[in-house]
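Here is what each chain is made of, one letter per residue.
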Amino acid sequence: MLDSLPRSDGRLRDQLRPISFKANIAPYATGSVLVSFGSTQVICAATIEPNVPTWMKQQGVKGGWLTAEYSMLPYSTLDRKARDSTKGKTDGRTIEIQRLIGRSLRTIISLEKLGSNTLWLDCDVLQADGGTRTASITGAYLAARLAIQKLIDARRIAENPLADSVAAVSVGVFGGRELLDLSYVEDKDAEVDFNVVMTGQGRFVEVQGNGEEATFSEEQLHSLLALARNGLRRLTDLQNDFLATQV
């Protein structure tokens, strides 16, 4: 009975927020997408540079490289968030998230097929209402795919180095209920909070989960992963539908 009750925004427990993708939001990037998970909005821009990091040259590593940067714009939250540049250092949360984005995309790309290029993924949060890291990963894949298509069309690389797609979503326990794609009001007070990254073929890339002053059972763990998997399948379908209109 409890599971059938609507959430604060009217969604069912296993329902994603409204998802949308808008291409070419940053025209000077090689590929870009504005991704919206409900009120959370992130610009994901992919820029391809015809060079590789110095360490790759020094170590004789073949192929290219992929790296990511993440930031929350000062006006993305209710209270202004100071820029890292004014603080003199990048905060730990930002470092954690940009590493997660980079790891997630590197699991699905052949860096050797990328050639001697660096694929930069910049994810900038315009508006934050929970799930900024999951929206960033989901949109970063799309921006990367659009950028790579331009390389292929320009004959700078011979084939698509992306072997699969990748997307991410949050799940958690809030008010005793297992919920998909948490908004901020749910996320901030969740008893259990997970971020799940999965490929289009259904392989898990990363699972980040913890109890917030609470614990969870093995049964709940499996139930939350199943909830995330169903949501991620729908996200993959939405990604495919978007790309079918673009490439």
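The coordinates are above.
Residues numbered from 1 in each chain as written. Predicted model: local features only at pLDDT ≥ 70, side-chain atom pairs only at ≥ 80, totals over all residues. Heavy atoms only, no water.

(A) Examining the overall build of the protein more closely. In terms of helices and strands, the protein carries 6 helices and 9 strands. Of all intrachain contacts in the protein linking residues separated by at least 6 positions in sequence, the fraction that spans at least 24 positions is 68%. Of the roughly 12200 Å² of accessible surface on the protein, 49% is carried by carbon and sulfur atoms. Computing the positive centroid from 28 side-chain charges and the negative centroid from 30, the protein places the two 7 Å apart. (Helix = DSSP H or I, 4+ residues; strand = E, 2+ residues; numbered from the N terminus. Contact = heavy atoms within 4.5 Å. Areas by Shrake-Rupley, 256 points an atom, 1.4 Å probe, with all protein chains shown as cover. Lys, Arg positive; Asp, Glu negative; His and termini not counted. Charge placed at Lys NZ, Arg CZ, Asp CG, Glu CD.)

(B) Expanded view of helix α3 (residues 92-106). Compared with the 21 Å implied by 1.5 Å per residue over 15 residues, the 21 Å span of α3 between its first and last C-alpha is a close match. Along α3, the residues that are buried comprise Thr-94, Ile-97, Gln-98, Leu-100, Ile-101, Gly-102, Ser-104 and Leu-105. (Expected span 1.5 Å × (residues − 1). Buried < 20%, exposed > 50% of the residue type's maximum accessible area, 1.4 Å probe, protein only.)

(C) Up close: the packing of aromatic side chains. Here the structure, examined in full by the defined rule, presents 3 aromatic pairs. Ring centres 5.3 Å apart and planes at 70 degrees place the aromatic pair Phe-194 and Phe-216 in the edge-to-face group. Taken together, the positions of Phe-194 in strand β8 (residues 192-199) and Phe-216 in the loop between β9 (204-211) and α6 (218-244) put the pair 22 residues apart, joining distant regions of the chain. Judged by relative accessible area, Phe-194 falls into the buried class, the value being 3%. (Phe/Tyr/Trp six-rings, centres within 6.5 Å; stacked < 30°, edge-to-face > 60°.)

(D) Layout of the pattern of salt bridges. Within the structure shown, the criterion is met by 11 salt bridges. Linking Glu-186 and Arg-11 is a salt bridge whose minimum nitrogen-to-oxygen distance equals 3.7 Å. Taken together, the residues Glu-186 in helix α5 (residues 184-187) and Arg-11 in the segment before β1 (19-23) connect sequence positions 175 residues apart. The class for Arg-11 is buried, based on a relative accessible area of 5%. When the shortest N-O distance is used, the salt bridge between Glu-178 and Arg-13 registers 3.8 Å. Remark: Arg-13 occurs in the segment before β1 and Glu-178 occurs in strand β7 (residues 177-180); sequence separation between them is 165 residues. Of the residues examined, Arg-13 reaches a relative accessible area of 18% and is grouped as buried. A single network of salt bridges, built from pairs that share partners, joins Arg-7, Asp-9, Arg-11, Arg-17, Asp-181 and Glu-186. (Salt bridge = Lys/Arg side-chain N within 4 Å of Asp/Glu carboxyl O.)

(E) Inspection of the layout of surface pockets at higher detail. The volume enclosed by the largest pocket comes to roughly 550 Å³. Residue lining of the largest pocket: 21 residues in total, with Arg-93, Gly-130, Gly-131, Tyr-184 and Asp-187 positioned closest to the centre. A per-class count over the lining of the largest pocket returns 5 nonpolar, 9 polar and 7 charged. (1 Å grid on protein atoms, 1.4 Å probe; cavity = no way out; pocket = protein on both sides within 12 Å on 5 of 7 lines; lining within 4 Å. Points joined across faces, edges and corners; volume = space filled by probe spheres on them. Nonpolar A, V, L, I, M, F, W, Y, C, P; charged D, E, K, R; others polar.)

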